[in-house]
Amino acid sequence: MTFEPQIPTWGNEYKNYLERLIGYHDWLCTTGINNGLISKKPLQYIWDEFIVHSLYFGKILQNIENNDKNVYDLGTGGGIPGVPVALTNPNKLFTLVDISESRAFELQRLKNILNLDNVEVLNKNADAVLTSNNTYISRCFISSKDILDNLKHKENTTYIVSSNGEKLNENKETFHVKQEKFTINSTKIRHIDVINVK
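Residues numbered from 1 in each chain as written. Predicted model: local features only at pLDDT ≥ 70, side-chain atom pairs only at ≥ 80, totals over all residues. Heavy atoms only, no water.

### Points about helix α1 (residues 18–34)
Okay, so step 1: The end-to-end C-alpha distance of α1 is 24 Å, a good match for the 24 Å that 17 residues give at a rise of 1.5 Å each.
Okay, so step 2: Leu28 marks the point of greatest bend in α1, at about 35°.
Okay, so step 3: Within the span of α1, buried status applies to Leu21, Tyr24, His25, Trp27, Leu28, Cys29 and Gly32.
Okay, so step 4: Contacts from the buried residues of α1 go to α2 (43–62), α3 (82–88) and α4 (101–113).
Okay, so step 5: Among the residues trailing α1, Gly36 stands out with phi positive, at a value near 75°. (Helix = DSSP H or I, 4+ residues; strand = E, 2+ residues; numbered from the N terminus. Expected span 1.5 Å × (residues − 1). Bend = angle between axes of the 7 residues up to and from the residue. Buried < 20%, exposed > 50% of the residue type's maximum accessible area, 1.4 Å probe, protein only. Contact = heavy atoms within 4.5 Å.)

Next comes the structure, spelled out in structure tokens:
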């Protein structure tokens, strides 16, 4: 399978960042795999599932209220989705949160390699940073269904998370949930839930 760094039409605005995104992709495919931040996968899979999928988080962030807040990427691992979103949103602040000291060390190195002045790395348990009045993104830290209980008392909070498209049975007095569906390439569809705590 050949590697083609494509961006779907919904992400045309990100094409200006293609060179930097490819640089991050190259880092994931070498340092990320060699240091256990991600498992070994085909180059195209890493591009589609980690880079393009992450870009949709950025698209959502551009269209939510409280867009001026720092964004926390919980359980970031190899910087997914935080790094692609930070690369394409240089005027917004991002905090990559991971409990693993070795992952945090590698992410700090990546921050310096990519000159990501809008990124901080926090070596901490993601649960410890969940507070009211913040915006959080996560690819797989905790599912939409499981986060609802953790968020119910975190007023004015937005949590954006990859999902399987499953309908949530949220308390509509506490939460507003919007489920987004998008393509990562010509054939694959993915889902992201946008959970707002009122």
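Moving on, there is more to tell.
### Remarks on the pairing of strand β3 (residues 119–123)
Okay, so step 1: Relative to β3, strand β2 (residues 94–98) runs parallel, the two sharing five bridges. When the bridges of β3 are listed, Leu96 appears paired with Val121.
Okay, so step 2: One crossover worth recording links β2 to the parallel β3 by way of α4, and it is right-handed. (Pairing = 2+ DSSP bridges. Right-handed = clockwise from strand over helix to strand, strands pointing away.)

### Some points on the packing of α1 against α2
Okay, so step 1: Put simply, α1 and α2 touch, their axes get as near as 10 Å, and they point 125° apart. Relative to α2, the element α1 is oriented oblique. As for how α1 packs across α2, the hand of that crossing is right-handed. Every residue of α2 that contacts α1 at Leu18, Leu21, Ile22, Tyr24, His25, Leu28, Cys29 and Ile33 is listed here: Leu43, Ile46, Trp47, Phe50, Ile51 and Leu55.
Okay, so step 2: Taken together, the residues of the contact of α1 with α2 sort by class into 13 nonpolar, one polar and no charged. (Axes fitted to C-alpha atoms, helices over the stretch in contact; angles between N-to-C directions. Parallel < 35°, antiparallel > 145°, perpendicular 65-115°, else oblique. Left-handed = near helix turned anticlockwise from the far one by under 90°. Nonpolar A, V, L, I, M, F, W, Y, C, P; charged D, E, K, R; others polar.)

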